[in-house]
Amino acid sequence: MKIVHAADLHIDSPLRGLDRYEGAPVESLRGATRRALENLVALCIEERADVLLLAGDVFDGTWKDYSTGLFFVAQMARLREAKVPVVIVRGNHDAASSVVKALRLPDNVHELSAKKPETHELRDAGIAVHGQSFSQRITTEDLASRYPDRVPGVFNIGLLHTSIDGREGHEPYAPTSIETMRSKGYDYWALGHVHAREIVCSDPYIVYPGNLQGRHARETGPKGASVVTVEDNVVQSVEHRALDVFRWEVVTVDAGPAADAIEVVDLVRASLAERAADADGRVLAARVVVTGNTRANVAIRRDEDRFISELRAAATDGLGESAWLEKVIVQTRAQIDLDRIRQEASAVGHLARRLGAIKDDPKELAELAGALS
């Protein structure tokens, strides 16, 4: 048995603010969520999935036009032709849209009720999916605590959009606990809402697949879905499959070894090339952070805008359209030779020698702390 579990598709997410970034591939980025969904459908067909589980936030609140829903319906129709059933719960973003509620889905798609928890059985596959959609955006009650009892003799799944025990950076919607989920006796919990992939527990498996496509520099690394392999109603494996089109990364480069700004540019170019290779043909959207104590600091800080422009030019020259620098953050500092300073006859040299002498003397340190306070 093969189960594909995805969440937080956020189809046609507006990606606000991209227009202010020079050279941003705006249209490609805005189309990335659609391309990622196409990749998800292709994965289901390739794996001959017994079911696709969508754990909330398929859409991104109120749409600008109805084409978003029509695109989703068309992709679900592809799965209907491949005889792949789909089970969905609405999350906080889905619940906010009246258009979503009016959307007419193909008959292979079952949306679990928002009024109360329910069980949807896929008898041919031997699967029972339990869950409840959000009825409103702010849902603070523990939905999982009211989920139905397991169905004997089949593979039981809990489908839930939730923040387990609170998750940093995410609103505490439909909060629940591992203990509550375990008490239901289900074989697998398919979760959504948290955009970072996480296997919370393996007894039973409680999984966040992460979002399908990273949308900004805080959603880095491979994004996609989980493929769950089941034999005799026991999970054999949970594998992550990357389905993203754009790969967001924070690329931190230590400029310490560089003697000048040109060498720093070369270090950044090499790091970007390495990350681009790891992206397997996807466009790399990179936030570059240049750090370290370096002799190049003076040259970098003298004209920081020029340095950043040189980095952008190097990225374009070396990687073309396969990489885009979303932002460059310079955090370099001057390289200080303390041994040389301690040998100086200046006031600074005297201070450096004095501080070096007292650093292991508790009494002297206490007196200095008192003076500073």
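Here, every reference points to the structure presented above.
Rules of the game
- Residues numbered from 1 in each chain as written.
- Predicted model: local features only at pLDDT ≥ 70, side-chain atom pairs only at ≥ 80, totals over all residues.
- Heavy atoms only, no water.
- Core = buried A, V, L, I, M, F, W, Y, C linked by side-chain atoms within 4.5 Å.
- Buried < 20%, exposed > 50% of the residue type's maximum accessible area, 1.4 Å probe, protein only.
- Helix = DSSP H or I, 4+ residues; strand = E, 2+ residues; numbered from the N terminus.
- Contact = heavy atoms within 4.5 Å.
- Pairing = 2+ DSSP bridges.
- Axes fitted to C-alpha atoms, helices over the stretch in contact; angles between N-to-C directions.

A.B. asks: Sorry, what's going on with the nonpolar core here?
C.D. replies: In a soluble, globular protein the nonpolar side chains are often hidden away together inside. Of all hydrophobic cores here, the largest spans 29 residues; its most connected members are Val 4, Leu 9, Leu 37, Leu 40, Leu 54 and Phe 72. Elements with a contribution of two residues or more to this core: β1 (2-6), α2 (32-47), β2 (51-55), α3 (67-81), β3 (86-89) and β11 (224-231). The dominant element in this core, judged by the number of residues it contributes, is α2, at six residues. If near-sequence neighbours (up to four positions away) are discounted, Leu 54 is found in contact with Ala 6, Leu 9, Leu 40, Phe 72, Val 86, Val 87, Ile 88, Val 89 and Leu 159. Val 253, Val 268, Ala 276 and Phe 307 belong to the second-largest nonpolar core, a separate cluster that totals 26 residues.

A.B. asks: For this particular structure, what's the right way to read the sheet that holds strand β8 (residues 188-192)?
C.D. replies: In a beta sheet, neighbouring strands pair by backbone hydrogen bonds and run either parallel or antiparallel. If you walk across this open sheet you meet the six strands as β5-β6-β7-β8-β10-β9, and the pairing is mixed. For this open sheet the edge positions go to β5 (118-122) and β9 (198-202), each flanked by a neighbour on one side alone. Pairwise comparison of adjacent strand axes, ignoring direction, gives a mean angle of 20 degrees for this sheet. Direction of pairing for β8 relative to strand β10 (residues 205-208): parallel, over a ladder of three bridges. Each residue of the ladder has a partner; that of Trp 189, found in β10, is Ile 206.

A.B. asks: Would you take a moment to explain the sheet that holds strand β15 (residues 323-334) for this structure?
C.D. replies: Spatially, three strands are ordered β13-β14-β15 in an open sheet, and the strand pairing comes out parallel. Unpaired on one side and paired on the other, β13 (246-254) and β15 mark the two borders of the sheet. Strand-to-strand twist across the sheet, computed as the mean angle between neighbouring axes with direction ignored, equals 10 degrees. Relative to β15, strand β14 (residues 283-294) runs parallel, the two being bridged by eleven bridges. The residue of β15 that forms the bridge with Ala 285 is Trp 324. Strand contacts of helix α7 (residues 261-278): β13, β14 and β15, with the helix running at about 145 degrees to β13, the strand carrying the most contacts.

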